[in-house]
Amino acid sequence: MPTTYQGGCRCGAVRYQVTGEPLKVGLCHCTDCRRETGSTFLYYADWPVDRFSVTGTYATFEGRSFCPQCGAPLFHLDETGAEIVLGSLDQVPAAFVPTREGWIKRREPWLTPVKGAGQFEQDPPHAA
């Protein structure tokens with residue numbers, strides 16, 4: 001039986017779950033991801049959209065979904081995939097190790113590259 005991972009926002013109004021292991025796990029240092037998280041990078045993982053479900057009402061701005069009550073960033077959805085903001089998972093620490101790191105030209109100089117992860121100056125290739 002596949003593993004199910006659950007998560008949600010700070011106030012509990014939005015809950016989601018994903019089933020099975022992610023297709024990819026990464027960090028992104030781009031300006032949009034930094035602003036979305038209020039941190040120096042976004043820690044994310046992608047699942048096929050058919051292995052994602054959500055309850056509650058969420059809002060979306062430019063493809064990035066969040067709780068309209070508490071403002072917590074949650075996921076990015078499109079017709080094929082669900083990119084989960086891994087900081088919103090219930091399971092902490094998450095067992096997912098990044099295999100790719102994007103927008104490293106914007107990575108803070110005091111952060112070290114993730115060992116073994118692909119390093120990309122801007123967006124990683126879609127399949128990477």
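Higher on the page you've got the structure.
Residues numbered from 1 in each chain as written. Predicted model: local features only at pLDDT ≥ 70, side-chain atom pairs only at ≥ 80, totals over all residues. Heavy atoms only, no water.

Time to look at the sheet that holds strand β8 (residues 73-77). Within the open sheet, the eight strands sit side by side as β6-β7-β8-β9-β4-β3-β10-β11. Their pairing is mixed. Every other strand in the sheet has two partners, leaving β6 (59-61) and β11 (118-119) as the edge strands with one partner each. The pairing of strand β3 (residues 24-28) with strand β4 (residues 42-48) spans five bridges and is classified as antiparallel. Within β4, the residue paired with cysteine 28 across the bridge is leucine 42. (Pairing = 2+ DSSP bridges. Helix = DSSP H or I, 4+ residues; strand = E, 2+ residues; numbered from the N terminus.)

Let's shift gears to the sheet that holds strand β5 (residues 52-55). As a general point, the strands of a sheet are linked pairwise by backbone hydrogen bonds and lie either parallel or antiparallel. In space, the three strands of this open sheet follow the order β1-β2-β5, with antiparallel pairing throughout. Each of the sheet's edge strands pairs with one partner strand only, and the pair in question is β1 (4-8) and β5. Taken over all neighbouring pairs, the strand axes of this sheet differ in orientation by 15° on average, direction set aside. As paired elements, strand β2 (residues 15-19) and β5 share four bridges and run antiparallel to each other. Residue pairing for β5: tyrosine 16 is matched across the bridge by valine 54. (Axes fitted to C-alpha atoms, helices over the stretch in contact; angles between N-to-C directions.)

With that out of the way, let us pick up the side chain of arginine 107. For arginine 107, the position within the fold is in the loop between β10 (100-102) and β11. When sequence neighbours within four positions are dropped, the list of residues in contact with arginine 107 reads His29, Glu101, Pro113 and Gln119. (Contact = heavy atoms within 4.5 Å.)

Turning our eyes to something else, we now look at the side chain of glutamate 101. Residue placement: glutamate 101 occurs in strand β10. On the accessibility criterion, glutamate 101 (2% relative accessible area) is buried. Only 2.7 Å separates the side chain of glutamate 101 from the side chain of histidine 29, close enough to count as a polar contact. At a separation of 3.1 Å, a polar atom in the side chain of glutamate 101 contacts the side chain of arginine 107. Discounting residues that sit within four places of it in the chain, glutamate 101 has contacts with Leu27, His29, Arg107, Pro113, Val114, Gly118, Gln119 and Phe120. (Buried < 20%, exposed > 50% of the residue type's maximum accessible area, 1.4 Å probe, protein only. Polar contact = N/O pair within 3.5 Å; in protein donor to acceptor, adjacent residues only side chain to side chain.)

Covered by surrounding structure in β2 are Tyr16 and Val18 only, the residues Arg15, Gln17 and Thr19 on the alternate face being uncovered. As judged from the five bridges shared by β1 and β2, these two strands associate in the antiparallel manner. Following the sheet pairing, glutamine 6 is matched in β2 by glutamine 17. The antiparallel hairpin formed by β1 and β2 contains six residues in its connecting segment, where glycine 12 sits at a positive phi of about 90°.

For glycine 87, the location among the structural elements is in the loop between β9 (81-85) and β10. With relative accessibility at 68%, the residue glycine 87 sits in the exposed group.

Another point: the pattern of salt bridges. This model, assessed by the stated rule, comprises four salt bridges. The shortest N-O distance in the salt bridge between arginine 107 and glutamate 101 comes to 3.1 Å. Neither arginine 107 nor glutamate 101 differs from the other in exposure class; each is buried. (Salt bridge = Lys/Arg side-chain N within 4 Å of Asp/Glu carboxyl O.)

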